[in-house]
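What the coordinates show
Below, each chain spelled out in residue letters.
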2 protein chains.
Amino acid sequence: MERKTKVHAEEGKHDVVITREFDLPVELLFKAHMEPEIFEQWMTHDYGTVKVLKFENKKHGGWQFQNADPNGNVVFRANGVFHEVIPNQKIIRTFEMEGSPLEVQLEFLEFEKLTDDTSRLRMHSIYRTPELRDQLLKQPFAAGLNMAHNRLQNVLSKLK
Amino acid sequence: MERKTKVHAEEGKHDVVITREFDLPVELLFKAHMEPEIFEQWMTHDYGTVKVLKFENKKHGGWQFQNADPNGNVVFRANGVFHEVIPNQKIIRTFEMEGSPLEVQLEFLEFEKLTDDTSRLRMHSIYRTPELRDQLLKQPFAAGLNMAHNRLQNVLSKLK
């Protein structure tokens, strides 16, 4: 089945562009990224429970979450800062998978209203080097993100 | 005269690497970047006075400064967040010249002790696109940074 979340990366560049259309009003799509209780719901799956440890959801605020296995062992933690937050339009943030060799990334998330009930997310992630970006692309990154976005659609549909 | 601050940028990439050696202990070089009173001193020049508006000098802290002309008119403001701060070793931060088309950048500053009295700064700045980076390089960026680093050397020498 074709993935709904599309990943685009050009040879030799530092960046990845991810796009996905949702059957959700843009306000809900934005909320899914900025309200910790909702974020935990769609980020959690059968093999990992996501818990938000810090979430200052405003310009210059910091965030951190962890992912734990069914036995409660922490699989990874991630953290970053919000450089800019424009409700229902844009988030600019840093992202670091702690302990990962991928280093810190800069992410531009753009939220676009298509109709009253549909919206588009465009994520533009910039890596420190093209080589680090290519390391990410060798991992099952696109499949994982597509599944996370499927869960986002399902969880948020119930809030409509 | 040859500039002491070196700027290196490869065709088609998103990044710029800036290096400079200082006749300063690494602790003072680090302080110059993380103590607002000292930062204001070396960033201020004949045509512009720098005033720090916000400076939370720690991991996940935010910062903002402004540059005003001799008549007190604000020429520009810049702001960002510290993603990571490791004293005398590393700063990872975002940087935005407000109102500029260059968008937000991600910067990795690495501080290296050479001897007890000398140190090296390596700044690795990542732009959203290669085109935005090239716009920056068309500006008198390297000359301005070299002059700022000369002032840093002079101001901090007095603190040794």
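All residue numbers here refer to positions counted from 1 along the written sequence of the relevant chain. Each chain is given a letter, starting from A, and each ligand a number, starting from 1, according to the order in which they appear as written. The predicted nature of this model means local features are confined to residues of pLDDT at least 70 and side-chain atom pairs, given and counted, to a pLDDT of 80 or more, with totals for whole chains, interfaces and linings taken over all residues. Just so you know, side-chain values use all the structure's heavy atoms and leave hydrogens and water out.

The name that an unreviewed UniProt entry assigns to chain A is SRPBCC domain-containing protein, with the source organism given as Chryseosolibacter histidini. UniProt positions are given in the numbering used here, feature names are shortened, and annotations may be inferred rather than shown by experiment. The UniProt entry for chain A carries the following text under Sequence similarities (unreviewed entry): "Belongs to the AHA1 family."

Observations regarding the sheet that holds strand E2 (residues 15–22) of chain A
Residue and element names in this part refer to chain A. Pairing between strands is defined by DSSP: at least two bridges between them are needed. Every helix listed is a DSSP run of H or I at least four residues long, and every strand listed is a run of E at least two residues long, numbered separately from the N terminus. Pairing in this open sheet of 8 strands is antiparallel, and the strands run E1-E2-E8-E7-E6-E5-E4-E3 from one edge to the other. Two strands bound the open sheet, and with one partner strand each, they are strand E1 (6–8) and strand E3 (49–55). Strand-to-strand, the axes of this sheet are offset by a mean angle of 25°, without reference to chain direction. By the bridge criterion, 9 bridges tie strand E7 (residues 105–115) to strand E8 (residues 118–126) in an arrangement that is antiparallel. By the bridge assignment, Leu-106 is partnered in E8 with Ile-126. Contacts: residue pairs with any heavy atoms within 4.5 Å of one another. Only the contacting stretch of a helix is used when fitting its axis, a line to C-alpha atoms as for every element, and angles between N-to-C directions run 0 to 180 degrees. Where helix H1 (residues 26–34) meets the sheet, it contacts E2, E3, strand E5 (74–86), strand E6 (90–97), E7 and E8, and its direction lies at approximately 155° from that of E7.

Observations concerning the packing of helix H2 (residues 36–43) of chain A against helix H4 (residues 141–157) of chain A
Residues and elements named next belong to chain A. Where H2 contacts H4, the axes come no closer than 8 Å and their chain directions differ by 125°. Taken as axis vectors, H2 and H4 run oblique relative to one another. As for the relative orientation of H2 and H4, their crossing is right-handed in sense. Only Ala-148, His-149, Arg-151, Leu-152, Val-155 and Leu-156 of H4 make contact with H2, whose side of the interface consists of Ile-38, Gln-41, Trp-42 and Met-43. A per-class count over the contact of H2 with H4 returns 7 nonpolar, 2 polar and 1 charged. Any angle between 65 and 115 degrees counts as roughly perpendicular, while under 35 counts as roughly parallel, over 145 as roughly antiparallel, and the rest as oblique. Here a crossing is taken to be left-handed if its near helix is turned anticlockwise relative to the far helix by less than a right angle, and right-handed if that turn runs clockwise. Gly falls in the polar group here, along with every residue not listed as nonpolar (Ala, Val, Leu, Ile, Met, Phe, Trp, Tyr, Cys, Pro) or charged (Asp, Glu, Lys, Arg).

Quick notes on the UniProt feature "domain: Activator of Hsp90 ATPase homologue 1/2-like C-terminal" (unreviewed entry) in chain A
In this structure's numbering, the residues bearing the UniProt feature "domain: Activator of Hsp90 ATPase homologue 1/2-like C-terminal" (unreviewed entry) are residues 23–156 of chain A. For the annotated span residues 23–156 of chain A, helix accounts for 31% and strand for 41% of the residues, and the straight-line distance between the end C-alpha atoms is 9 Å.

A word on the environment of Arg120(A)
Residues and elements named next belong to chain A. With respect to the element layout, Arg-120 can be found in strand E8. Overall, Arg-120 belongs to the partly exposed group, its relative accessible area being 27%. Aside from chain neighbours lying at most four places away, what touches Arg-120 is Arg-20, Glu-21, Leu-29, Glu-110, Phe-111, Glu-112 and Leu-114. Pairs of N or O atoms are called polar contacts if they sit within 3.5 Å, as long as, within protein, a hydrogen donor faces a hydrogen acceptor (for residues adjacent in sequence, only side-chain-to-side-chain pairs). In terms of polar contacts, Arg-120 uses its side chain to reach the side chain of Glu-112, at 2.8 Å. Whether a residue is buried, partly exposed or exposed follows from its accessible area with a 1.4 Å probe, protein chains only, as a fraction of its type maximum: under 20%, in between, or over 50%, in that order.

Topic: the relation of the copies chain A and chain B
Superposition of chain A onto chain B requires a rotation of 180° combined with a translation of 0.0 Å along the rotation axis, giving an RMSD of 0.0 Å. Taken together, the rotation and translation relating the two chain copies correspond to the operation of a two-fold axis. Superposing copies: least-squares fit, C-alpha atoms only, residues required to have pLDDT of at least 70 in both.

Digging into the packing of aromatic side chains
Here the aromatic set is Phe, Tyr and Trp, taking the six-membered ring for Trp, and pairing holds for ring centres within 6.5 Å; pairs whose planes are under 30 degrees apart are stacked, those over 60 apart are edge-to-face, and all others are tilted. For the structure shown, the criterion picks out 16 aromatic pairs over all chains. Between Trp63(A) and Phe65(A), the aromatic rings sit 5.8 Å apart at their centres with planes inclined by 15°, giving stacked as the arrangement. For Trp63(A), a relative accessible area of 5% corresponds to the buried category. Under the relative-accessibility criterion, Phe65(A) is labelled buried at 4%. Between the aromatic rings of Phe39(B) and Trp42(B), the centroid separation amounts to 5.6 Å while the plane-to-plane angle is 80°, which identifies the pairing as edge-to-face. Of the two residues, Phe39(B) and Trp42(B) are both situated in helix H2 (residues 36–43); the distance of 3 residues between them amounts to about one turn of the helix. Comparing Phe39(B) with Trp42(B) shows no difference in burial state: the two are buried.

Quick look at the interface of chain A and chain B
Taken together, the 30 residues of chain A in the interface contact 30 residues of chain B. Of the roughly 2300 Å² buried between chain A and chain B on both sides combined, carbon and sulfur atoms contribute 58%. Once two parts are brought into contact, the accessible area they lose, counted with a 1.4 Å probe and summed over both, makes up the buried area. Of all residues in chain A, His60(A), His83(A) and Arg128(A) give up the largest surface area on contact with chain B, accounting jointly for 31% of the area buried on that side. A carboxyl oxygen of Asp or Glu within 4 Å of a side-chain nitrogen of Lys or Arg is what we treat as a salt bridge. Where chain A packs against chain B, one counts 2 salt bridges. When the shortest N-O distance is used, the salt bridge between Glu110(B) and Arg128(A) registers 3.5 Å. Connecting chain A to chain B are 16 residue pairs in polar contact (both at pLDDT 80 or more). Among the elements of the structure, strand E4 (62–68), E5, E6, E7 and E8 of chain A are those that each provide at least two residues to the side of chain A that touches chain B.

Notes on the sheet that holds strand E6 (residues 90–97) of chain B
Residue and element names in this part refer to chain B. Ordered in space as E1-E2-E8-E7-E6-E5-E4-E3, the 8 strands form an open sheet in which the pairing is antiparallel. The sheet is open, and its two edges are formed by strand E1 (6–8) and strand E3 (49–55), each paired on a single side. For this sheet, the mean angle separating the axes of adjacent strands, direction not counted, is 25°. With 6 bridges joining them, E3 and strand E4 (residues 62–68) adopt antiparallel strand pairing.

Some details on the pairing of strand E7 (residues 105–115) of chain B
Here 6 bridges tie E6(B) to E7(B), and the two strands are oriented antiparallel to one another. Residue pairing across strands places Thr94(B) opposite Leu106(B), the latter belonging to E7(B).

Concerning the pattern of salt bridges
All names here are of chain B. A full pass over the atoms with the stated rule returns 22 salt bridges over all chains. Between Glu-84 and Lys-59 there is a salt bridge, with its nearest N and O atoms 3.5 Å apart. A residue pair is termed long-range when its members are at least 10 positions apart, and Glu-84 in strand E5 (residues 74–86) and Lys-59 in the loop between E3 and E4 qualify at 25 residues. We classify Lys-59 as partly exposed; its relative accessible area is 35%.

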